[in-house]
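What the coordinates show
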Amino acid sequence: VNSALISDIDNTLLGNKRALRQLVGWLKEHRGKLAFGVATGRTIDSAVAILRQWQVPAPEVWITSVGSEIHYGVRRIPDTGWASHIRHKWRRDALAELMKTLPGLSLQAAGNQREFKLSYIADPDKMPPLEEINHHLREQQLCAQLIYSHNEFLDVLPIRASKGHAIRYLAYKWGFPLRNFLVAGDSGNDHEMLVGDTLGVVVGNHSQELEPLRGMEQIYFAHEHYAAGILEGIAHYRFNEIKPAASQA
């Protein structure tokens, strides 16, 4: 294996059954040459359930809870090295206390809260701008990554965690270049993963938040929606022709 396809789940991988069947067929054809992974805001249990429902084979790698957790394979073995890496400067309780004082934010259901993730429903008319929240955090000497998506969700993660950081970690761990990763997404929580030296695909049904990426090198805006957009991106980059990386001297 010398390359990987990593896709967001909701409204990227899933949404069109026929296109999804075609993509799953393509993955089966390339089994052994390429790793398949998902990168999602969902928790691991929720990701497993929705992929089963849509009859998607278990990916080799699960990047879940907006990049704050990594698991591998059918047995979903957690990557404890990743957990140790992102624990750096993470003060969950202090962050939760500070976030309570900000208007326009209410905690999501308990099932969405994780060891390395605080998740809120955001009212964009009432919540402070992200720069202002970051300023409050700095004043309290708290480090966190704020991920805002769909104009209604705010995730607070460790400074070293995100979908994009998780992919960089995998590239290092697996020993192949970021250009051998094709990543696909549709919304704000995919932004950072799409701009990270990988081959990016934005599906046709993307949310407005990704428009600023249009025209950037290595980010392809597909016309087709959902899995058909991923297949269009694969064709655009000729991703099925990826050659083994030259061995590093």
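What this report covers is the structure whose coordinates are included nearby. Predicted model only: the values in this text are computed from it and were never measured.

Let us look at the pairing of strand β8 (residues 145–149). When you tally the buried positions in β8, you get five out of five residues, the bulk of the element. Neither face of β8 is exposed, since Q145, I147 and S149 on one face and L146 and Y148 on the opposite face are all buried. Judged from the five bridges that link them, β8 and strand β9 (residues 153–157) form a sheet pairing that is antiparallel. What sits directly across from L146, in β9, is V156. Taking the residues between adjacent antiparallel strands as the criterion, β8 and β9 are bridged by three residues, where H150 takes a positive phi near 55°.

This brings us to the nonpolar core. I6, I63, I70, M99, L154, V156 and F181 are the most contacted members of the largest nonpolar core, which has 50 residues in total. Counting residues per element, this core draws most heavily on helix α6 (residues 163–174), which supplies five residues. Look past the residues within four positions of L154 in its chain and what remains in contact with it is M99, L105, L118, S119, Y120, A122, L130, I133, L146, I147 and Y148. Within the second largest apolar cluster, 33 residues are counted, among which are V24, I50, L199 and Y237.

Here we take up the packing of aromatic side chains. Going through the model one piece at a time under the given rule, you end up with four aromatic pairs. Seen from their ring centres, W82 and Y169 are 4.9 Å apart, and the 55° between their planes marks the pair as tilted. Residue W82 is found in helix α3 (residues 80–86), and its partner Y169 is found in helix α6; the two are separated by 87 residues along the sequence. The exposure class assigned to Y169 is buried, which follows from its relative accessible area of 18%. Relative to F181, the ring of W174 lies with its centre 6.2 Å away and its plane at 5°, an arrangement referred to as stacked. The side chain of K17 reaches across the aromatic face of W54, ending 5.6 Å from its centre.

Analysis parameters
- Residues numbered from 1 in each chain as written.
- Predicted model: local features only at pLDDT ≥ 70, side-chain atom pairs only at ≥ 80, totals over all residues.
- Heavy atoms only, no water.
- Buried < 20%, exposed > 50% of the residue type's maximum accessible area, 1.4 Å probe, protein only.
- Helix = DSSP H or I, 4+ residues; strand = E, 2+ residues; numbered from the N terminus.
- Pairing = 2+ DSSP bridges.
- Core = buried A, V, L, I, M, F, W, Y, C linked by side-chain atoms within 4.5 Å.
- Contact = heavy atoms within 4.5 Å.
- Phe/Tyr/Trp six-rings, centres within 6.5 Å; stacked < 30°, edge-to-face > 60°.
- Lys NZ or Arg CZ within 6 Å of the ring centre and 35° of its normal.

None of the figures reported here should be taken as evidence of function without further support.
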